[in-house]
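Coordinate inspection notes
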Amino acid sequence: MALPIRQDGPDGAPTIALVHAAGTSSVAWEPLIPPLPAMCGLRPDLPRHGHARTTRWSTLEAVAQQVLHALDERATHLAGVSLGAYVALHMLRLAPTRFETAVLSGIHPGGMPNRGMMKLASAVMSLALSRPGAARRNAEMLQIPEHQQAAHIAAARMTKGRAFRRATNDVVEFELPGGLDRVTTRVTIAAGGKEHPLIRDGAKVLAKAFPHAQTYVAEGLGHAWPSQDPAQFASLLRAASGT
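Residues numbered from 1 in each chain as written. Predicted model: local features only at pLDDT ≥ 70, side-chain atom pairs only at ≥ 80, totals over all residues. Heavy atoms only, no water.

Another aspect to go through is the overall build of the protein chain. Scanning the protein chain from terminus to terminus reveals 10 helices and seven strands. Here the protein chain has a C-alpha radius of gyration of 16 Å; the compact-globule value for 243 residues is 18 Å, and the two agree. Its C-alpha atoms put the protein chain at 40 × 40 × 40 Å along the principal axes. Every one of the 243 residues in the protein chain was classed for burial, and the buried ones make up 55%. For the protein chain, the accessible surface area stands at approximately 10600 Å², while carbon and sulfur atoms represent 54% of it. Of the side chains in the protein chain, 25 bear a positive and 18 a negative charge, and the two mean positions are spaced by 7 Å. (Helix = DSSP H or I, 4+ residues; strand = E, 2+ residues; numbered from the N terminus. Rg over C-alpha atoms; globule rule 2.2 N^0.38 Å. Buried < 20%, exposed > 50% of the residue type's maximum accessible area, 1.4 Å probe, protein only. Areas by Shrake-Rupley, 256 points an atom, 1.4 Å probe, with all protein chains shown as cover. Lys, Arg positive; Asp, Glu negative; His and termini not counted. Charge placed at Lys NZ, Arg CZ, Asp CG, Glu CD.)

So this is what it looks like as structure tokens:
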């Protein structure tokens, strides 16, 4: 089943695919649309998230292939946050000449420590996703701005708990795949300044895996910094894409 995609912005404008994080949906990108008036945004819902709740989550690579199929050559730029960044990285590996630019934020290069504990935390969170109180606490922990929390909570409650656990476990087990040296895309690996060191410091490791890559740090912000400061993230996307 094809993944649903929301489209924003003027026809004929440079087009960017926006791939969301786990436990949310394409609605997470809505604050980013106004600061990108000169771009057309394509926002897919990942499997078991948003309006793709009936589509099975399989693997990061398989989901990347699904997103590429759903986009149907329409996007020339790419951005992914958290889970969406891992999906986007696999999209670049599968289609190494497809995109002109890509911004990947909140992604580690592999070697995550304490994997058992991380998977246990994922299992607990997956059971709590449908509970408004737990979803609100998660939004507060991620420092999602208060005016965005209602949409974040609604999207979290729509996410299938089992798929959330499988997707986040894929992130825990993630290791850099081969073939990134064939990617012609200009890649920016971004991180919040308050991210876990594996992500913040790992940005340089990831950048070295691509032929054309740079790093960017959003000082003073955390893992959800694109939601905390959508204007800054939009500015990064405009600078990366040259729009």
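The subject of this paragraph is the pattern of salt bridges. A side chain with one charge can pair with a side chain of the opposite charge if their charged atoms come near. For the structure shown, the criterion picks out nine salt bridges. For R93, the salt bridge goes to E61, with nearest N and O atoms at 2.7 Å. With a gap of 32 residues between them, R93 in helix α2 (residues 83-94) and E61 in helix α1 (residues 60-71) connect regions that are remote in the sequence. Exposure remark for R93: the relative accessible area of 16% places this residue in the buried category. The closest approach of N and O atoms between R98 and E73, which form a salt bridge, is 3.4 Å. One end of the pair, R98, is in the loop between α2 and β5 (101-105); the other, E73, is in the loop between α1 and β4 (77-81), with 25 residues separating them in the sequence. With a relative accessible area of 17%, R98 lands in the buried category. (Salt bridge = Lys/Arg side-chain N within 4 Å of Asp/Glu carboxyl O.)

The next thing to look at is the sheet that holds strand β6 (residues 186-192). Overall, mixed pairing links the seven strands, which are arranged β1-β3-β2-β4-β5-β6-β7 in an open sheet. Each of the sheet's edge strands pairs with one partner strand only, and the pair in question is β1 (5-8) and β7 (213-218). In this sheet, neighbouring strand axes are inclined to one another by 20° on average, regardless of whether the strands run parallel or antiparallel. The strands touched by helix α8 (residues 202-209) within the sheet are β6 and β7, with β7 carrying the most contacts at an inclination of about 160°. (Pairing = 2+ DSSP bridges. Axes fitted to C-alpha atoms, helices over the stretch in contact; angles between N-to-C directions. Contact = heavy atoms within 4.5 Å.)

Here we come to empty space enclosed by the protein. Under the criterion given, the structure shown has one cavity of 30 Å³ or more. Of the pockets and cavities examined, the largest cavity occupies roughly 40 Å³. If you trace the largest cavity, you find it lined by D8, G9, I16, I33, L36, M39, C40 and G41. Looking at the lining of the largest cavity, its residues break down into five nonpolar, two polar and one charged. (1 Å grid on protein atoms, 1.4 Å probe; cavity = no way out; pocket = protein on both sides within 12 Å on 5 of 7 lines; lining within 4 Å. Points joined across faces, edges and corners; volume = space filled by probe spheres on them. Nonpolar A, V, L, I, M, F, W, Y, C, P; charged D, E, K, R; others polar.)

On their own, these measurements won't tell you what the molecule is for.
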